[in-house]
Amino acid sequence: MSIVTVQLGQCGNQIGHEVFSALCSDIRGTHGLCSKKENESYHDSCRERFFTEEESGVPVARAVLVDMEPKVISQALSMAASSGHWKYSSHSHFCQKQGSGNNWANGFSVHGPRHKEAIMDLVQKEAEKCERLGGFFTIMSMAGGTGSGLGAFVTQCLRDAFPTSFILNHVVWPYGTGEVIVQNYNSVLTLSHLYQSSDALLVHENDAIHKICAQLMNIKQISFRDVNQVIAHQLGSVFQPTHTAGGGSGYSRNPLGDLMEALVPHPEFRLLGLRNIPQMPENSLAYSTFSWPGLLKHLRQMLIANAQMEEGIDWQVRPPHPGSSIPSTNKPLHFNTSIANLVILRGKDVHSVDLGGFQDPSLYTSWLKPQDAFSAWKTPRAFNKYEKSASLVSNSQFLLKPLDSIVGKAWNMFASKAYLHQYTKFGIQEEEFLDCFTTLEQVISSYTNL
């Protein structure tokens, strides 16, 4: 099944470009770790999922690019075309001249309705090119104006136009120190609207990815492109083809449907986090060996202690003892309770790996059996230069602190009516802010009580 990617705003278009580049360099890689037949079916499955074929033989990304200023889109189009390995369609982008000025209300209430027809027309055409549409994957930032405001609007339109398709929003969480004075407002408005129309939100935090670039990748002067490449690698490690548990011998048909089925058992809990291991600069790979037990031991502790990378994990955090009826308020400090987890293994000897550590009932909330709360996908085909790699997509309490902090900061600004006039002039009234705060307070409370 095919996935249509919708890239929104500067952040969405830059990450989208890196995602397609990562997918393409992965399928072009000559990984001698699996049979030729396996490699071919992996190749075909990825092509069907993310690209259409043209007569010229160059794969064309199944993507719609939307921004309110032309610069980033024209860069993405020309960089893709000049790679020679893939390109964007020349007819599937929409841009204007003026930008949204980091104002969510401008993106949502002005640009959205004004350009709805043109944008949805592009999406419809892209969807019609799919023999079987698996759903939509949108990529956007939470802090700015176009990605977040227009992104929330477009997601609502997708839900109305394709009521039975899966929609996964990839959301980039702003730096804590902040790039934009009103980023907390924009974030609260974005998250609460997406919660209404999306099936799940897959979140990457800029601060966490920045740390990975500095500490694991040893990059001295970190650019947005470095950050985006780490994000793209992590996304590729989830969406490239794998065998699911009950999927027989072929590659999984619908990755978005499989992802929702594995990770979103209840509409109140839609926040997904992603961790990937190992991550290192290419020149260190030759000197490194990895064993599955070692990788999974780290990945499990990253989950339990809510660490974003394998360096600096707090090994003191332990799950509560099974059978102890501790009320959730007295749980061991810093322990990250999960609703559901998905582990994805790629590379050598995947079929002999023991995943028992992730089936431990004490990791999960009491209302799901561990066998329902845990899934594993595997393929012997290695991903992007790592002979063994593991990813974990987790529906857990990982976002509680940052979410609480953003809602708190936004509420303090709202209480003193700071900058509100910038939103009310575009028709976003105080009542709407209050509705959004209520939605997110409910999300925080649900995750806190796991």
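All figures in this text were calculated on a predicted structure; none of them were measured in a lab.

## Concerning the environment of Glu 268
- Within the secondary structure layout, Glu 268 lies in the loop between helix H9 (255–263) and strand E9 (271–277).
- Assessed through its relative accessible area of 23%, Glu 268 is described here as partly exposed.
- Between the C-alpha atom of Glu 268 and that of Asp 44, which follows or precedes it by 224 residues, the distance is 36 Å.
- With residues up to four places along the chain from it excluded, the contact list for Glu 268 reads Tyr 195, Gln 442, Val 443, Ser 446 and Tyr 447.

## Comments concerning the domain arrangement of the chain
- Domains assigned within the chain are domain 1 (2–272), domain 2 (282–397) and domain 3 (401–449).
- Taking only C-alpha atoms, the centre of domain 1 and the centre of domain 2 are 25 Å apart.
- Contact residues are listed per partner, giving 42 residues for domain 1 and 31 residues for domain 2.
- Summed over both sides, the interface between domain 1 and domain 2 buries roughly 3000 Å², with carbon and sulfur atoms accounting for 64% of that surface.
- On inspection of domain 1 and its partner domain 2, the count reaches one salt bridge.
- Joining domain 1 to domain 2, the criterion identifies 13 residue pairs in polar contact (both at pLDDT 80 or more).
- Elements represented by at least two residues in the side of domain 1 that touches domain 2 include exactly helix H1 (9–28), helix H2 (36–50), strand E8 (200–205), helix H7 (206–216), helix H8 (224–239), H9 and E9.
- Of the residues assigned to the side of domain 1 that touches domain 2, the class counts are 24 nonpolar, 13 polar and five charged.

## Considering the pairing of strand E4 (residues 63–67)
- The element E4 is extensively covered by neighbouring structure, given that five of its five residues are classed as buried.
- Along E4, one buried face is formed by Ala 63, Leu 65 and Asp 67 and the opposite face, lined by Val 64 and Val 66, is buried too.
- Pairing analysis gives four bridges linking strand E1 (residues 2–8) to E4, with the strands arranged parallel. Residue pairing for E4: Thr 5 is matched across the bridge by Ala 63.
- The pairing of E4 with strand E5 (residues 93–95) spans three bridges and is parallel. Bridge pairing links Asp 67 to Cys 95 in E5.
- Following the backbone out of E4, through helix H3 (residues 71–83) and into the adjacent parallel E5, one traces a crossover that is right-handed.

Definitions and cut-offs
- Residues numbered from 1 in each chain as written.
- Predicted model: local features only at pLDDT ≥ 70, side-chain atom pairs only at ≥ 80, totals over all residues.
- Heavy atoms only, no water.
- Helix = DSSP H or I, 4+ residues; strand = E, 2+ residues; numbered from the N terminus.
- Buried < 20%, exposed > 50% of the residue type's maximum accessible area, 1.4 Å probe, protein only.
- Contact = heavy atoms within 4.5 Å.
- Domains from an automatic or database assignment.
- Buried area = accessible area lost by both parts, 1.4 Å probe.
- Salt bridge = Lys/Arg side-chain N within 4 Å of Asp/Glu carboxyl O.
- Polar contact = N/O pair within 3.5 Å; in protein donor to acceptor, adjacent residues only side chain to side chain.
- Nonpolar A, V, L, I, M, F, W, Y, C, P; charged D, E, K, R; others polar.
- Pairing = 2+ DSSP bridges.
- Right-handed = clockwise from strand over helix to strand, strands pointing away.

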